[in-house]
Amino acid sequence: MTTVYFLLLFLLSEALAQSLVTFTIKEGISRLQTVGNIPNAFNLAANLSRDQFESLRYQFLSNPDNLFEIGNISGELLTKTSIDRESICDFHTDCQRDLTVSVRSKAFSYTKILNVKVIIQDTNDNSPTFEPSSIRLAIPEHSNIGTSYKIHSATDKDVGMNSVQTYEIVPKNGAFGLNVTKSLDESFFVRIVIKQTLDREVQDYYQVNIRALDGGSPPNVGVLTVHLDIEDINDNSPVFTQTTYNKSVQENVTVGTNILQCVATDDDIGDNGRVSYRFSMKSDLDAIKSKFSLNSQTGQIQVTSQLNYGEQNIYEFFIEAFDHGTEVRVSQAKVIISVLDAGNNAPSMEITFFEGGTSNNSVNVKEGTKEDVSIAHIRVSDADPGRNGQVNCSTPSGAFGLQEIGSSGYVVVVKSSLDYETVKSYQVTVTCQDQGTPSMSSTVSFTVIIVDDNDNAPKFIQRIYQASVQENKRSGTRVTEVLAKDKDSGVNAAIRYSLDGDYGLEIDATTGVIVTSRPLDREATPQISVKVLAVDQGNPPLSGTTTLIVNVQDVNDNPPRFNVTHYSFHLPENLNNTKVGTVYAMDLDRGLNGQIIYTVIDDSNSFDIRSDGSIFTKKTLDYEAKRLYTFKVTAKDQGTQVLSTSVDVRVHVDDVNDNPPKCVFPDEYNQTVSLPYLTRIGSLITTIRAYDADSGRNSHLSFQILSGNGHQTFKLDSNSGELFYDNTFIIKKDSIFRLNISISDQGEPSLTSTCVLEVTLTHTNLSMQPFSKEDNDNKYVVICVIVVIITVFFSTVLITVIIIIKRNDRRNRGRKAQQEKLRNFQQFQDIDKRYYQSRTPTYPEDLSKKKKKEVSFSLEDDLDKSLDISGHSILDDQPYCNNVYHPGTEQDKLKQLHFDQFLLNPNSDSKKNNLLKGSHDSSSDTSTDLTTSDSGRGGSDVEMHHSSNAPDDDKAYNSIHPHSRSSSFPATMYTPHDRGGTRSPHKSDTSASNKKDYTGLTPRETFEKKHGINRHSQESTSSESCLPSYV
């Protein structure tokens, strides 16, 4: 019971395992690429004949998204379109499609519903992306180190290792770093971290690139450009140009005169760098403010009331410069004003600028102004009398001079060429001195600021720039920096850079830093030559140019590519060290990155490949051993990071007719079949089984009998090998035909094998037992063993019971037989007497009744039934003449007595002692079963049931006289037509079938006819001679 349970469990698991098949493909494969073969995957050919298998038709019952198609005849599962996993399964890790396929046949009853799972594997065909790809952050300077700012993460449509795995920041050793944390759902939180102290006054702008890398090999990269603006904080105080300012003034200086300007600067910007001025609270504000005023915007000190030397000749105070930041920063400077005695008053001077004058006692003059052009007027006056009132003015400046214009004073004129690029400003001092004793003088100073004119074009410091950059670098990779200088100033020196054309490069218009605008491809453009422009902002603008040559350095970014997607070659079998074909791959890289080495990945170790891609066989290929070799050829480059590509190669081995047919049956161990010679003409005897390991026409076999077919007894189908019984003739004993059979294929040249089949025609007439065919299905071996064991067990029990019953029955019948012998003999004597007296003999009813009541398993039961005399008289068949029986000769009397004893006691020893033995053929036809050789494989393929045509009494006779079937009967026998008439002679049929017509005869007549008992010789033709001799 345990064995049956495990057997059923095994069959159930096998059936469930075969109900679903899984195929795996990678996304991106092109249209009409093979996914798998349905009949092979489900092993549909098992338990089907070739014709049945070829009649199967396949179609989809369900095909989600219509991604696949199936061959209606071949069952080949193909892609219907190029498959993109991301468009089908979005971000799901597992991507599969469940298909349902029906398999049907119209040639026979066959329907199956198959479930197919197609798993679509992700390939690294998507790069990480940032949306947007550029952001700008504002970061205050002097932020704490470790302060972080969140930025958005990258997305990647791929999944698993092909999605985003790591982040990195470029430059890695800059002021900023990266903090990346991974959450439970595989997403990332990305933050930029401050690694160094930021000082806006040193650098107010940074640019970094955040790279997101997936897990591919090589990885795909997405880049986020981050612009970092450093915000100013009020970290710088205003700084005066001098810590102490000294100024001497005449006591009679004109009220409202600006006597001094204090200047302070602040490196901050905005309000943090906007400087204002005020008197310090530490000064004597009342005394100071009564004489002087301070311009809060310009820092100029002005006399607000008349000074008096005798009252106070020195004024000392502090002024403050402060910015307007949130936290105000302040710096101080000391001011000392000395008041001079004016006994002989110095001339007074007043300057007026013609144009370009400013409020801070300066004048703007454009460079290139012509000589003798006046720029300012100086009015001089001295109210002193005499020589004390005669005034002469002069200036030490070489670029400017004074021209006297009478009593109106002097004008300041240009005396030499003004070049901004040489001198940007002049401090002009004019001194006017009277002729008094002591002489008194006055001085006025002003600043001439040379205003730049756009007279100089920008000029690059190098005529040609050369740089190099590796291909495939991310956008924003620094290539080089160009620099142009302009001797002008202001907007005339404000240079803007640009590139003449789009070559995958971009330049910072302000700094001249050139970076990549996209990944460069050396294979497309190995060298870039571009013109760089530098344009100032003057009116009109001037420009300068230089040439930039960028050599794109090769990286091993191109794997070798084969010229086709797969290779298919054909090669005849039995060849060794033979060229199969050539594969070719190319690599767009250069140097070692572009040098290719071919290798063969062949598990069968049957092929080798040369450096030029030629594939050779390493051993002799045998079509019959393997018809198709599938392997991969890998092309590898020699780069630092080796890249490779594989291609599928199929080598079809073409068949050569090198195998003769092989005979399966008959063979040297099993070459005999037998059948009764009376088998019906046209019956199938057996099938010659052979095979040819070749294929196609080389395996198409034809069969022919070469010899041994005497009388054309057999016919062999040349195509199927079926042997038929084609002709019959009379035989008296078993006959053996040794058939020499040739088996030829259809190859060129044709190969032939021979085999010998011995066919035995048996001389028999009993029925054939049908041949049984082995069920070779290993799947049911265990079940068969169980059934056989159970059957043997019950058969043994049944046979044992039958033997016991039969043994007991024989014992009982043996005892009863001895008791009945005497009684039957006495009854016969009484019957015989009454017969002769009344001519109407009777037979005791109890005899037949006893025979009918007997139950026996003895083989003699058929004899008792066939010779049942319950309806006949034992003397009915005796010859009569005037109602008197004539027994004939002494021999006839003896036979008559034996026969009478046989009828009275069929179980007596007389039938065991050669009853009525005559001279007959000694051959025996005890069985007509078709026999086979001891090997167990011979015999006819046809199921024959050959029944005997002999009547029942013939069977009974044969059971006690084994020689009767082949004995020769007398040439003349007599058949009675009536009780008192004569008999007509009839010829006996001596044909091989031994069939007799005993219709209408009594058992005695049948017995006498079969054994040639001649009674008519004792009969008399006249009624007087018919007296019995013993009456």
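Below is a short write-up of the structure. Not measured: the values here are computed from a predicted model. (Residues numbered from 1 in each chain as written. Predicted model: local features only at pLDDT ≥ 70, side-chain atom pairs only at ≥ 80, totals over all residues. Heavy atoms only, no water.)

1. Concerning the overall build of the protein
For step 1, the next point in the chain: Scanning the protein from terminus to terminus reveals 11 helices and 62 strands.
For step 2, the next point in the chain: A buried classification covers 40% of the 1031 residues belonging to the protein.
For step 3, the next point in the chain: When contacts within the protein are restricted to residue pairs at least 6 apart in sequence, long-range pairs at least 24 apart make up 68% of them.
For step 4, the next point in the chain: For the protein, the computed accessible surface area is about 57,100 Å², with 49% contributed by carbon and sulfur atoms. (Helix = DSSP H or I, 4+ residues; strand = E, 2+ residues; numbered from the N terminus. Buried < 20%, exposed > 50% of the residue type's maximum accessible area, 1.4 Å probe, protein only. Contact = heavy atoms within 4.5 Å. Areas by Shrake-Rupley, 256 points an atom, 1.4 Å probe, with all protein chains shown as cover.)

2. Focus on the environment of Arg211
For step 1, the next point in the chain: Mapped onto the elements of the fold, Arg211 is located in strand S13 (residues 205-214).
For step 2, the next point in the chain: Looking at Arg211, the relative accessible area reads 16%, which means it is buried.
For step 3, the next point in the chain: Sequence-wise, Arg211 and Ala154 are 57 residues apart; in three dimensions their C-alpha atoms are separated by 9.0 Å.
For step 4, the next point in the chain: Among residues more than four places away in sequence, those in contact with Arg211 are Thr166, Tyr167, Glu168, Val170, Val221, Gly222, Val223 and Arg474.
For step 5, the next point in the chain: Only 2.4 Å separates the side chain of Arg211 from the side chain of Glu168, close enough to count as a polar contact. (Polar contact = N/O pair within 3.5 Å; in protein donor to acceptor, adjacent residues only side chain to side chain.)

3. Digging into the state of the cysteines
For step 1, the next point in the chain: What the rule picks out here adds up to 2 disulfides.
For step 2, the next point in the chain: Here Cys89 is linked by a disulfide to Cys95, with a sulfur-sulfur distance of 2.0 Å. Between Cys89 and Cys95, the disulfide has an S-S torsion of 65° and is therefore right-handed. Note on accessibility: Cys89 and Cys95 belong to one class, buried.
For step 3, the next point in the chain: Disulfide pairing places Cys393 opposite Cys432 at an S-S distance of 1.8 Å. In this structure, the disulfide formed by Cys393 and Cys432 twists by about 105° around the S-S bond and is classed as right-handed. On the criterion of sequence distance, the pair formed by Cys393 in strand S27 (residues 391-394) and Cys432 in strand S30 (residues 425-434) is long-range, its members being 39 residues apart.
For step 4, the next point in the chain: Here Cys432 falls in the buried class, since its relative accessible area comes to 0%.
For step 5, the next point in the chain: No disulfide involves Cys663; its sulfur sits 3.2 Å from that of Cys755, the nearest cysteine. (Disulfide = S-S within 2.5 Å.)

4. Some points on the nonpolar core
For step 1, the next point in the chain: In terms of nonpolar packing, the biggest core is built from 27 residues, with Ile38, Leu44, Tyr58, Phe68, Leu77, Val116 and Val118 touching the most fellow members.
For step 2, the next point in the chain: At the level of secondary structure, the elements contributing two or more residues to this core comprise strand S1 (20-26), helix H2 (38-42), strand S3 (56-62), strand S4 (68-70), helix H4 (85-89), strand S6 (96-105) and strand S7 (110-121).
For step 3, the next point in the chain: Here the element with the most residues in this core is S7; it accounts for 5 residues.
For step 4, the next point in the chain: Contacts of Leu77, omitting those with residues within four sequence positions, involve Phe23, Gln33, Thr34, Val35, Gly36, Phe60, Phe68, Glu69, Ile70, Leu99, Val116 and Val118.
For step 5, the next point in the chain: In terms of nonpolar packing, the next biggest core, distinct from the first, is built from 26 residues, Cys262, Tyr277, Leu307 and Phe317 among them. (Core = buried A, V, L, I, M, F, W, Y, C linked by side-chain atoms within 4.5 Å.)

5. Comments concerning the sheet that holds strand S38 (residues 513-516)
For step 1, the next point in the chain: With antiparallel pairing, the 3 strands of this open sheet are ordered in space as S34-S38-S37. Of all strands in the sheet, those with a lone pairing partner are strand S34 (478-481) and strand S37 (505-507), marking the two edges. Looking at each pair of strands side by side, their axes are set apart by 25° on average, direction ignored.
For step 2, the next point in the chain: Pairing of S34 with S38 involves 3 bridges; the strand directions are antiparallel. From the neighbouring strand, Glu481 faces S38, where its bridge partner is Val513. (Pairing = 2+ DSSP bridges. Axes fitted to C-alpha atoms, helices over the stretch in contact; angles between N-to-C directions.)

6. Overview of the sheet that holds S13
For step 1, the next point in the chain: As summarised here, the arrangement of the 4 strands in space is S8-S14-S13-S10, forming an open sheet in which the pairing is mixed. Two strands in the sheet have a free side with no partner beyond their single neighbour: strand S8 (134-140) and strand S10 (164-170). Here the strands of the sheet are splayed against their neighbours by 25° on average, with no regard to which way each runs.
For step 2, the next point in the chain: Inspection of the sheet shows S10 paired to S13 by 6 bridges, in the antiparallel sense. Bridge pairing in S13 places Val170 opposite Asn209.

7. Quick look at a nonpolar patch on the surface
For step 1, the next point in the chain: On the surface, Ile790, Phe793, Phe794, Val797, Val801 and Ile805 cluster together into a nonpolar patch covering about 560 Å² of accessible area.
For step 2, the next point in the chain: Among the secondary structure elements, Ile790 is positioned in helix H6 (residues 781-838).
For step 3, the next point in the chain: Relative accessible area serves as the criterion here: at 44%, Ile790 is assigned to the partly exposed category. (Patch = residues over 30% accessible without salt bridge, like charges linked within 9 Å, V, L, I, M, F, W, Y side chains within 5 Å. Salt bridge = Lys/Arg side-chain N within 4 Å of Asp/Glu carboxyl O.)

8. Side note on unusual backbone geometry
For step 1, the next point in the chain: Backbone torsion omega between Glu131 and Pro132 reads 0°, so that peptide bond is classified as cis.
For step 2, the next point in the chain: Its location among the elements puts Pro132 in the loop between S7 and S8.
For step 3, the next point in the chain: A cis amide bond links Ser217 to the next residue, Pro218, at an omega of -5°.
For step 4, the next point in the chain: Phi is positive for Asp65, close to 65°, though the residue is something other than glycine.
For step 5, the next point in the chain: Within the element layout of this structure, Asp65 appears in the loop between S3 and S4.

9. Topic: the environment of Asn313
For step 1, the next point in the chain: The residue Asn313 is located in the loop between strand S21 (300-303) and strand S22 (314-322) in this model.
For step 2, the next point in the chain: Overall, the relative accessible area of 33% leaves Asn313 in the partly exposed class.
For step 3, the next point in the chain: Those residues within four positions of Asn313 in sequence are excluded, and the remaining contacts are Ile337, Ser338 and Val339.

10. Structural notes on the side chain of Asp536
For step 1, the next point in the chain: Examined against the element boundaries, Asp536 turns out to sit in the loop between strand S39 (527-535) and strand S40 (543-553).
For step 2, the next point in the chain: Buried charge without a partner: Asp536 forms no salt bridge, and the closest opposite charge is Arg496, 11 Å away.
For step 3, the next point in the chain: In terms of polar contacts, Asp536 uses its side chain to reach the side chain of Asn454, at 3.4 Å.
For step 4, the next point in the chain: At 2.7 Å, the side chain of Asp536 and the backbone nitrogen of Leu542 are in polar contact.
For step 5, the next point in the chain: Apart from the residues lying within four places of it in its own chain, the contact partners of Asp536 are Asn454, Asn456, Ala457, Pro458, Asp486, Val491, Asn492, Ala494, Ile495, Pro541 and Leu542. (Lys, Arg positive; Asp, Glu negative; His and termini not counted.)

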